Structure formats: C-alpha cells, structure tokens
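Chain residues, written in single-letter form:
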Amino acid sequence: DSVVRDFDYQAIANILGYFTMQNYRAFVIAQNHSVECLDREKYFDIAYNTAALPAKLTGSRVMDWKSYGFHLPKPNSFLPDNTDVLQSADEVSEVAKEPRLLQANSTHELWFKQDDQHFTPRGSIYLNLKLSNEGASVKDVVAAAILDACIAEVFYEEFEPARHAGMQFKVDLSVSRLAVRVTGFSNKLPALLNALLARIQTFEVQPHIYDIVMTQVKQGFENAKYAQPIHQLGGERKQQLNKVPFWSTQSMQAVVDTLTIDLVQQQIKHIFAATYFKMLVVGNFIEADAKQAAEKVHQMLDTDSQPSYAHVPGRMVDIQPGHYIYMTQSDDPNKVNNAVLVTFYCGPTTSNKHGIVMMLLSQMLYDQFFDQLRTKEQLGYSAYARQTSLGSGKRLLEFGLQGESNPIYMTQRIDSFIAQFRQYIVEFTAEKFDVLVESIISSIQERPQTVYKEANGYWSSVNSGTYDFRQVEKQVEQLQQVKLDDVLEVWDMYVNPETATEYTRVDSHMWSSKLHYPSTHELSTYPESVIALSGCLQSGGLANATLTNIEHVAQSMLLSHALDKLHGVYISINATQPMDILNDSESPIRVALEAAISPKRVAEVVHKRKTVDYTMIGMVQTPEGKWVIGDIDKFKAVQPLHGLPVPAIKLEAVN
C-alpha cells in the first residue's frame, strides 16, 4: 500500500492529460432504438453493437475543463491540523469509570471524560436538544420526520468533506428532540458540531428535495404493511400496545398528503423556540474544551429556558395483571405467514437482580426454544426467546414465532414448551450454570475497543436519565451471587401460570388473510383449542368445517373416537386433502386434536385470577379467562403509566 502525502501538480496534470475527446468510450442503453445489434453478450445473451465514435463527438482539441465545471475541491476545513494526544498512559494512575458532570443548570447538562484508555487523537460528542412537544399532533410528527429526511438528503452531500477527513456524524430529528452525534479526530469535532447546528438553523427545504422525500416517506408507509408479521408484532404493534403517546403508521399515512412544504419548514422555528440540552464530550479533550463547546452551543441556540411542562416525555403503559390477547390481521393479501409474540411482564427495570436473572434465563431459553419449535416441530423459520425492557417500564420475556400455522395453534405450542421448560431449569447442572455465568461476566466486562464505543455506553445512561454509569460493576456483583434457584424463582413468579402471583401476559397475534380470522364472538364462545384445531383443519383442506362440528369432535374423551368423528366430517364435506393426514402423529392437526380432547384442558387452561373487569370498555373474555383487546386506545386509557426512572446518582456539577 502507498499513500501520496505531498501535493504533486505535475502528477495531477499528467492524469488529466488522458481525459481527451479521443480517449473515452460512450455506452448507450435503451429499450427502444433503431440500431441493428448483431452481436450477443456471452453470459446473459444480450444483443449489442459496437461502433467507432462519430466525428461530431471527437475533436483534436483537449477538453475545456472549465466549461464542464471541473475543478479541484476547496481545502477541507475538517482535516485535523493537530493530532497530538493530550494524555499518555504514563500520566494515568487510575482509569476513570464514569464521566463527570461539569455543568447543570436550567438550560443544559454537560458531561465530560478525558480519554484515559485508548490514547488516540479521537473523540465523540453527543448532543440532545429536548424540544417543546406539548400538544404535538400526528401532523407535527410526520412534518418532523419529513424535515429529518430532507436534512439527511442535503447533509450527505454538503458534509462529505467531513467524512473524507475521517469523521462521522448523525443528525436525528423528531417532534420531541434533535440529536446530533459527531465522532472522529478530536481536533475538528467541535467545528463540525457547530457547522451542523448552524446549517440546521438556516436550512430551507428545497422543492425538489421535498418532492423526493415525500415520495420516499409515502412509499415507506406503504411498505410497512408488507413487513414480515413477526417484525410488525415486535416493532410497531408492540409500541402501539405499550407506549404513550403513540402514532401508528396508518394515522401518519392519513395526514401525509395534507402537509405542505411551508408546514415542514415551520418545524425549524419549532426546534429553536425553547430548548434544554444534554451534552457529552469524551476523548482527546481537556475540560476547557468541553466547556467551550457547550458555551458555543448555548450561544448558537440563543433560546429561552424550556419550562418543565413544555416537554412531555414518552411514557410506558403499566399493564395490570391478567392474560390478554391482542389480535390483528395482515394488510398484505398475499402473505401466507402468521405470527405470534407471547410477552410476559417480569418486574421493574430498576431491579438489578431481576435484570441479571432475566439475562441468564434468556440465555438458557434461546437455543432450547429454537431447537424445539423451529428444528423439531418446524413451525416456521423465525423463532426466538429473548428478554428485553420497556424503557422506564417493566422487563419483558418474549417468545416470537412465525409460520404458516394459525397463531392460536402456535401459541399452544409455545405454552407446551413453557410447561416443560421448568423441569429443564430444575435439571440444569451447577457446572453448566457456572459456565454460563462466567461467559456472561466475560462478555459484559470486555473493555470498549474505541473511544466511540466507550462514549456510547456513557451516553445511554445520560440520555435515558438513569445516570447508572456503574451498571457493569453492579451486574458482575449480582452475577457472582446469583444462584440457579433465583432463576427458578423468577420463572415461577412471572411465567409459570400455576404459581405466578401477578401473572401479566399478552399474546399478540397477526393472522394471514388466507385464514379465517376469529370474531370476538367466536373467541368468547369456543375454547381456544377448538379454534386452533379449526385453523389447522383449514390449512389441511377442511375449510368448511364449522366450529360447532369441531367442538363436537373435541368433546370425545378418547383420541380414537375423535379421529373417527373427524374422518366422518372429512367425508361429509368432500375435503380436498387425503384423510391420511390424520394418521400422521406429528402433523399439526393431530397435535391440535390431542390438545383439544385432553380431559384436563378446561381445568389446566382456565386462568381466571382476580383481574380488572374490562367488560365496561367492550372487552370480552375467552372461556380460558383471557381478555380480548378490541379497542387498543380504550384499553391503554384505563391502564396506569410508568414514571420516569429515578437517577442512580444525585446530579451535582463539579466545581
């Protein structure tokens, strides 16, 4: 490899000498033309023709570069002119474990940490402006999204010199905040941050950019309905169920055509009306650099202090104990896949011990769940078990599955796995558990390899408002103390329906339009095992069997009797599939049939613990005691909300 480090005018001139009117090829590709193409391309069999350039496209003169607008680029103002490292390893007696709060007042917070691990001339600066979003409407949300896309479209080209100088940036605008991140050579990072902010302040939406972005946004709304069902359940549907406020893709799509370029442009004034910002400076800087950068941002914003009521933070719904079904049907008429997301709400995110136990439980679940439902039962290509959280809300344990089987049947198979998994925990050996614990400790203790990764971890704590910079230490301490019995305790406390004291679970279903979508009346009348069997029969060619007929079959106490009845139903309605499918003991129909005729199905499935009575908002219960969520907005309106997290430290700026 070689690097040209000196400016060589003659070398550039020599290269430009090859760009003449005689030294080029022109490719013309067209669907309709009058040229006779006698040759064919070897691999793709495409007809083509080659000919010498006509005289009118050549000449004896060299190109007049100025007439074509060719020129050397302007000097790159973002190239660093000082790459000195401000602190060496010899000067560090102890590595700081967290950033320091330098400033905290009515307008901003400033956090700072000098690089004491990597010793490179690099750094990262994070800035988050909290915007006034009181009374924001869905139009405001969409207008902010359009403006964000317009800015990204323009900035990609305008700030290309910054990327050439080894720097990266990200500008992210929504109705509630403007986030800017710059990373790279520390010498010019403040200049890049200032340039980005200054450009946003003077940004004007150009009509041609607006047209491009509007086309992209509308196409994005349209494409959302064609996303994989499991991704819709784990993305928008999950947010719709748990987040306040929330604007669905459908509601945004309904107003996008009412927005004008002037309404989008007004969002710029909204950004700089009244703000409060958080800022983090990490890397090859000194404290004075951080303060100077924050002061410059404060001067550029030149806005009033934001009153506390002006910024409304997002909140999470605190779903009350109970078992719920949240159903929807795919908007894609060609989609054959269904999906189910079974979610258990497992305690507050503020409990470190719960977080560690959930982490261990997730590791123990993942391979077992995938192996059983994906590999052995072959219910679909997408199968996962994982733990996650809802911001300041609760920790979640999720079981996701996508396939061609109906969602209620897939939910039954997840229930079967859950029922057996407790024994897997009981039989988990101490040696395997110790190995699992050590592997997690090793993973979370891994030192960040770059300043950017280190800063990103700090920013997560600052931006969320938890300020828990010692989370890794707490996690390691908990991991060293946790026992296998703790995992079993959490399982029985939140997941096991026979022992959970505040059993809180939501079964989210997305049905393919290829299958019969159960009505609220059917869900409240027929056992779920009957509806699951109906869906399996429909997939197997018995689409005309009524739920009443299927329930009659399920009332048999013996499998042989049920099979005889089902054979009779097959014959009576001239099913298109052969009856041999009933003889396959591993087929979904046989598995669903066995679940439907189980003598213990009512006693075991019913889970009518004391819950809120939702009948007054139009919700119904299934025979198993599960509440069917009909109007999602009404359901959320009667749930309490989680508060914001209590900071792990008291915010006191250093002198």
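Here the structure is shown first, and the text comes after it.
Residues numbered from 1 in each chain as written. Predicted model: local features only at pLDDT ≥ 70, side-chain atom pairs only at ≥ 80, totals over all residues. Heavy atoms only, no water.

Caption draft 1: Seen up close, a nonpolar patch on the surface. A contiguous nonpolar surface patch, about 420 Å² in accessible area, is contributed by Ile-15, Leu-16, Tyr-18 and Phe-19. With respect to the helices and strands, the residue Phe-19 is situated in the loop between helix 1 (9-16) and strand 1 (39-40). (Patch = residues over 30% accessible without salt bridge, like charges linked within 9 Å, V, L, I, M, F, W, Y side chains within 5 Å. Areas by Shrake-Rupley, 256 points an atom, 1.4 Å probe, with all protein chains shown as cover. Salt bridge = Lys/Arg side-chain N within 4 Å of Asp/Glu carboxyl O. Helix = DSSP H or I, 4+ residues; strand = E, 2+ residues; numbered from the N terminus.)

Caption draft 2: Region of the structure containing the pattern of salt bridges. For the coordinates displayed, the defined rule picks out 26 salt bridges. Note that Glu-473 is salt-bridged to Arg-470, the shortest N-O span being 3.7 Å. Residue class for Glu-473 comes out partly exposed when judged on its relative accessible area of 34%. The partner of Arg-505 in a salt bridge is Asp-507, with the nearest N and O atoms 2.7 Å apart. (Buried < 20%, exposed > 50% of the residue type's maximum accessible area, 1.4 Å probe, protein only.)

Caption draft 3: Molecular detail of unusual backbone geometry. With omega at -5 degrees, the peptide bond leading from Val-244 into Pro-245 counts as cis. Tracing the sequence through the fold places Pro-245 in the loop between strand 8 (243-244) and helix 7 (249-255). Of note in the backbone geometry, Asp-45 takes a positive phi value of approximately 55 degrees without being a glycine. Residue position: Asp-45 is located in the loop between strand 1 and strand 2 (47-48). Phi is positive for Tyr-467, close to 55 degrees, though the residue is something other than glycine. Within the element layout of this structure, Tyr-467 appears in the loop between helix 13 (451-464) and helix 14 (471-481).

Caption draft 4: Examining helix 13 more closely. Helix length check: helix 13, at 14 residues, gives a terminal C-alpha distance of 20 Å against a target of 20 Å (1.5 Å per residue), a fit within 8%. Summarising the contacts, the buried residues of helix 13 are in contact with strand 4 (108-114), strand 5 (122-130) and strand 9 (274-283). Gly-465, located one to two residues past helix 13, shows a positive phi value of around 85 degrees. (Expected span 1.5 Å × (residues − 1). Contact = heavy atoms within 4.5 Å.)

Caption draft 5: The sheet that holds strand 13 (residues 338-348), seen in detail. One open sheet holds the 7 strands; their spatial order is 14-15-13-16-12-18-17, and the pairing between them is mixed. Looking along the sheet, the strands with just one partner apiece sit at the ends: strand 14 (382-389) and strand 17 (620-621). Examined bridge by bridge, strand 17 and strand 18 (residues 627-629) share 2 bridges and lie antiparallel to one another. Opposite Val-620, over in strand 18, you have Val-628 as the bridge partner. Relative to strand 13, helix 6 (residues 229-242) is tilted by about 45 degrees, and along the sheet it contacts strand 12 (322-329), strand 13, strand 14, strand 15 (394-403), strand 16 (504-511) and strand 18. The strands that helix 10 (residues 352-376) touches are strand 13, strand 14 and strand 15; relative to strand 14, the one it contacts most, it runs at about 175 degrees. (Pairing = 2+ DSSP bridges. Axes fitted to C-alpha atoms, helices over the stretch in contact; angles between N-to-C directions.)

Caption draft 6: Structural view of the packing of helix 4 (residues 189-201) against helix 9 (residues 287-301). One way to put it is that helix 4 packs onto helix 9 with a least axis distance of 11 Å and a crossing angle of 10 degrees. Taken together, the axes of helix 4 and helix 9 are roughly parallel relative to one another. On helix 9, the residues that touch Leu-193, Asn-194, Leu-197, Ala-198 and Gln-201 of helix 4 are Lys-296, Val-297, Met-300 and Leu-301. Residue composition of the contact of helix 4 with helix 9, by class: 6 nonpolar, 2 polar and 1 charged. (Parallel < 35°, antiparallel > 145°, perpendicular 65-115°, else oblique. Nonpolar A, V, L, I, M, F, W, Y, C, P; charged D, E, K, R; others polar.)

Caption draft 7: Examining the nonpolar core more closely. Ranked by size, the top nonpolar core spans 74 residues in total, and within it Leu-360, Leu-397 and Phe-399 carry the most contacts. Among the elements that take part in this core, helix 10 stands out by supplying 10 residues, more than any other. When near neighbours in sequence (up to four residues on either side) are disregarded, Phe-399 contacts Val-340, Leu-341, Val-342, Phe-344, Leu-365, Phe-369, Tyr-384, Ala-385, Ile-414, Phe-417 and Ile-418. Core analysis: the second largest hydrophobic core is formed by 62 residues, Cys-150, Val-154, Leu-259 and Phe-285 among them. (Core = buried A, V, L, I, M, F, W, Y, C linked by side-chain atoms within 4.5 Å.)

Caption draft 8: Inspection of the side chain of Ser-512 at higher detail. Counting through the fold element by element, Ser-512 comes out in the loop between strand 16 and helix 16 (520-525). Residue Ser-512 is classed as buried on the basis of its relative accessible area, which comes to 0%. From its side chain, Ser-512 meets the backbone oxygen of Lys-335 in a polar contact 2.5 Å long. Leaving out residues up to four positions away in the same chain, Ser-512 has contacts with Gln-329, Ser-330, Lys-335, Val-336, Asn-337 and Asn-338. (Polar contact = N/O pair within 3.5 Å; in protein donor to acceptor, adjacent residues only side chain to side chain.)

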